[in-house]
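# Structural characterization, general
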Amino acid sequence: MPAPFFHVSVFSRGPYSGNPCGVVLLESWPEETGLRALTAEIGLPTVAFIVTGEGPIQLRWFEGPELEVQLCGHGTLAAAKMLLDHIAPGDAVTFETRFSGALRVKRSENGFSVGLPRLPAEPLPDPAAVESAVGSPVEEALMAVKTLAVLPDAAAVRAASPRGELIGGLPADGLLITAPGDEAGIDFVARFFAPHRGVAEDSATGSAYCTLAPYWAARLGKTDLRARQLSPRGGEIFCSDGDERVEVGGRVTAVVQGELLI
């Protein structure tokens, strides 16, 4: 049966920016090999699959045919955009996910936002491996789910050219670099690299702000933050640090709407 399909850009500042994501609405879950084959056929960096019906709306994310993602912020916002704008009009939706429990998305003044787990980073006692991977000295080296390197300024983040062959050997999954913002209204900037799992540089990484929001909230003494991801496509992220959850949001731009004839 034909399946509704959307191609959207998440955390976008306008056309051709933000993180591209495919969204597919299915009547039921096919075999695992079918999901992986369809992800490869679509060819976008991430594909979100939704199954509706009796009970909770279910959501899974894949990065290419090899990797099912445990937590995907931009894929969750992409799925909500499709459902709330085109399938089941409304202002909020809760997804049941395979690895991250229930995720609630709501409309906001900045597009859509989702409550994600708060994952504060802890300092690394020896930053040598992080500095080697970054290719320059760092002000702080920390670790949560991702390795976090704090650089002195936004110019250093823009100029950074991390050594991909070393990133996979860091103590956490991927390398996140960050610094204070240098534009009016931008609190901080960031970039994320995970070449060991096929992501040379991510365009805009929702799950990264589970760690970035607590760090910058403590450092800047404010809970509501606006960030710029300095990837080639660029992304704009709004985040808010809470006691147990981080609210992460941004604009979601629809690019393609159609059907998959599967």
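In short, a report on the structure. (Residues numbered from 1 in each chain as written. Predicted model: local features only at pLDDT ≥ 70, side-chain atom pairs only at ≥ 80, totals over all residues. Heavy atoms only, no water.)

### Notes on the overall build of the protein
Here is the rule we go by: Helix and strand assignments come from DSSP, with helices taken as H or I runs of at least 4 residues and strands as E runs of at least 2, each series counted from the N terminus. This radius of gyration counts C-alpha atoms alone. The globule rule is 2.2 Å times how many residues there are, raised to the power 0.38. Exposure classes here rest on a 1.4 Å probe applied to the protein chains alone. A residue is buried below 20% of its type maximum, exposed above 50%, and partly exposed in between. We call two residues in contact when some of their heavy atoms are within 4.5 Å. Shrake-Rupley sampling with a 1.4 Å probe provides the accessible areas, and residues are treated as covered by the protein chains on show and by no other component. Positive charges come from Lys and Arg, negative ones from Asp and Glu, while His and the chain ends are left out of the count. Charge positions come from single atoms, namely NZ of Lys, CZ of Arg, CG of Asp or CD of Glu.
Along the backbone of the protein there are six helices and 18 strands. Scaling as 2.2 N^0.38, a compact globule of 262 residues should have a C-alpha radius of gyration of about 18 Å, and the protein matches this with 18 Å. Projected onto its principal axes, the C-alpha positions of the protein cover 55 × 35 × 30 Å. Evaluated residue by residue, the protein yields a buried proportion of 52% over its 262 residues. Nonlocal contacts in the protein, meaning residues at least 24 apart in sequence, comprise 61% of its contacts between residues at least 6 apart. Of the roughly 11,400 Å² of accessible surface on the protein, 52% is carried by carbon and sulfur atoms. Each charge class in the protein can be summarised by its mean position, and for the 21 positive and 32 negative side chains these summaries are 4 Å apart.

### Side note on the pattern of salt bridges
The test is simple: For salt bridges, the criterion is a side-chain nitrogen of Lys or Arg within 4 Å of an Asp or Glu carboxyl oxygen.
Going through the model one piece at a time under the given rule, you end up with 19 salt bridges. In this structure, Arg60 and Glu68 form a salt bridge, with 2.7 Å as the shortest nitrogen-oxygen distance. For Arg60, a relative accessible area of 10% corresponds to the buried category. Linked through salt bridges whose partners overlap, the residues forming this network are Glu32, Arg36, Arg60, Glu68 and Arg98.

### Topic: the environment of Phe238
With respect to the helices and strands, the residue Phe238 is situated in strand β16 (residues 235-241). Given a relative accessible area of 17%, Phe238 falls into the buried group. Separated by 127 residues in sequence, Phe238 and Gly111 have C-alpha atoms that sit 9.6 Å apart. Residues within four places of Phe238 in sequence aside, it is in contact with Asn110, Leu225, Arg226, Glu247, Val248, Gly249, Gly250 and Arg251.

### So, unusual backbone geometry
The phi angle at Phe11 is positive, at roughly 60 degrees, despite the residue not being glycine. When you line up the elements, Phe11 lands in the loop between β1 (2-10) and β2 (19-26).

### Re the nonpolar core
Nonpolar side chains in soluble globular proteins tend to be buried together. Quick note on the threshold: To form a nonpolar core, buried Ala, Val, Leu, Ile, Met, Phe, Trp, Tyr and Cys residues must be joined to one another through side-chain atoms within 4.5 Å.
The biggest cluster of nonpolar side chains holds 54 residues, and the ones touching the most others in it are Ile50, Phe95, Tyr209 and Leu212. In this structure, Phe95 is in contact with Ile50, Ile57, Leu59, Thr76, Ala79, Ala80, Leu83, Gly101, Ala102, Leu103 and Val105, ignoring residues within four places of it in sequence.

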